[in-house]
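# Report on the structure
Next come the chains, spelled out residue by residue.
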Amino acid sequence: MRRLFHLSGQHRTASIDNLLGLLLAFNAGAVNAGGLLVVHMYTSHMSGFASQVADGLVLGHGTLILGAVGALLAFMGGAASTALIVHWAQRHHLRSAYAMPLLLEAGLLLVFGLLGAITLTWPTPFSVPLTVLLLSYIMGLQNALSSSMSHGRLRTTHMTGHITDLGLELGRLVYRNPRGTPLEERVRASRPALRFHGGLLGMFIVGGVVGAAGFKYVGFVWVMPLAALLLALSLPPLRRDLRRSAYLRQRLASLGRRVAGRRRPAVPARSPDADGPSFDPPVAAPPASPSKPPPPPSPPFPSA
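Residues numbered from 1 in each chain as written. Predicted model: local features only at pLDDT ≥ 70, side-chain atom pairs only at ≥ 80, totals over all residues. Heavy atoms only, no water.

### Focus on the overall build of the protein
Helix and strand counts for the protein stand at 10 helices and 0 strands. The linear arrangement of helices and strands in the protein, starting from the amino end, is α-α-α-α-α-α-α-α-α-α. Classification of the 304 residues of the protein by burial places 37% in the buried group. If you take every contact in the protein between residues at least 6 apart in sequence, the share linking residues at least 24 apart comes to 69%. Carbon and sulfur atoms make up 65% of the accessible area of the protein, which totals about 18,600 Å². (Helix = DSSP H or I, 4+ residues; strand = E, 2+ residues; numbered from the N terminus. Buried < 20%, exposed > 50% of the residue type's maximum accessible area, 1.4 Å probe, protein only. Contact = heavy atoms within 4.5 Å. Areas by Shrake-Rupley, 256 points an atom, 1.4 Å probe, with all protein chains shown as cover.)

### Focus: the nonpolar core
Ranked by internal contacts, the top residues of the largest apolar core, which has 54 residues, are M100, L109, F112 and L230. Ranked by the residues each element gives to this core, the list is headed by helix α2 (residues 14-39), at 10 residues. Apart from residues no more than four positions distant in its own chain, F112 is found in contact with T131, L134, L135, F215, F220 and V223. (Core = buried A, V, L, I, M, F, W, Y, C linked by side-chain atoms within 4.5 Å.)

### Remarks on helix α8 (residues 191-217)
Over its 27 residues, α8 extends 39 Å from the first C-alpha to the last, a length consistent with the 39 Å expected when each residue adds 1.5 Å. Of the residues making up α8, those classed as buried are A193, L194, F196, H197, L200, F204, G207, G208, G211, G214 and F215. Residue G219 follows α8 closely and has a positive phi angle near 110°. (Expected span 1.5 Å × (residues − 1).)

### Notes on the environment of L168
You can see L168 is positioned in helix α7 (residues 160-174). Look at L168 and you get partly exposed, because its relative accessible area is 43%. Measuring from C-alpha to C-alpha, the distance between L168 and A193 comes to 10.0 Å, with 25 residues separating the pair along the chain.

### Description of the packing of helix α5 (residues 99-119) against helix α9 (residues 223-244)
One way to put it is that α5 packs onto α9 with a least axis distance of 8 Å and a crossing angle of 155°. Judged by the angle between their axes, α5 and α9 are roughly antiparallel. You can see that α5 and α9 cross each other, and the crossing is left-handed. Of the residues in α9, those in contact with A99, M100, L102, L103, E105, A106, L109, L110, F112, G113 and L114 of α5 are V223, M224, L226, A227, L230, L231, L233, S234, P237 and L238. (Axes fitted to C-alpha atoms, helices over the stretch in contact; angles between N-to-C directions. Parallel < 35°, antiparallel > 145°, perpendicular 65-115°, else oblique. Left-handed = near helix turned anticlockwise from the far one by under 90°.)

### Concerning the pattern of salt bridges
The tally for this structure, following the rule as stated, stands at 1 salt bridge. E169 is the partner of R172 in a salt bridge, and the nearest nitrogen-oxygen pair spans 2.8 Å. Here R172 and its partner E169 are both found in helix α7, 3 residues apart, which amounts to about one turn of the helix. On the accessibility criterion, E169 (11% relative accessible area) is buried. (Salt bridge = Lys/Arg side-chain N within 4 Å of Asp/Glu carboxyl O.)

### Some thoughts on the environment of A232
If you trace the backbone, A232 turns up in helix α9. For the pair A232 and L102, spaced 130 residues apart in sequence, the C-alpha to C-alpha distance is 9.4 Å.

### Observations concerning the packing of α7 against α8
For the pair α7 and α8, interaxial distance at closest approach is 9 Å and the crossing angle is 140°. Between α7 and α8 lies a crossing whose hand is left-handed. Contacts between α7 and α8 involve H162, I163, D165, L166, E169, L170 and L173 from the first element and R191, A193, L194, F196, H197, G198, L200 and L201 from the second. For the contact of α7 with α8, the class distribution of residues is 9 nonpolar, 3 polar and 3 charged. (Nonpolar A, V, L, I, M, F, W, Y, C, P; charged D, E, K, R; others polar.)

Rendered as structure tokens:
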């Protein structure tokens, strides 16, 4: 549990970022490969969607343009959501700034696992099913998180940059320095960089194999283990903040009261002319005023 707290906690080191990056690369590979089997497109491939916009403009294909624009906007919306959550948490001195986006991603994967087949038939204004927008949003959320926590060094939903850096290090590895080259001018490969970029690529591919097999033989519910992994990563810092932060407890209590107030059904007012028995309480009759005593008899008159 303490190790999980450090993985998604506030204090970051290169080794912690690398370990969390490996886990997130596995998750992204599984979701991306499974998305291809479900919606027949890679939902984290924003370069492809940007090219799709250009192709649609040249071909005059409005549906192609709308689908690509929807995926791009969903991905950017996920990245923007991570920025809002992280900066809000840091502004209030919470240690779960990087755990909250993971918790949101776990919840969305849970929704996708339970309702994925239904979202395939939900239309959207972008001529693609809701599933595409949901997966693109999740990938944007995660990629922005990995970039934010590592100050731009990590990308976990696409491997273009890491494959480029891996190729650079391999070129430096096989390069032969001429004899007599000064030590400070020699070209050398960085072994830690080779392990880092190669590890991310390997975990992405392994996640893709596991995700594709899971979606093929199990179905949408296969994302439940992925959601459980992200939930396990996000809960330790959140639990510590709930114990230490009065502000966070107050905000959650206020949110709970607001949700409970919306769910409470309102009792409609009953019209006095409505049919059926009235449920108004009976009106008590006013108390009777005390009767006055009869007047005394008048005395008899004397006879003449």
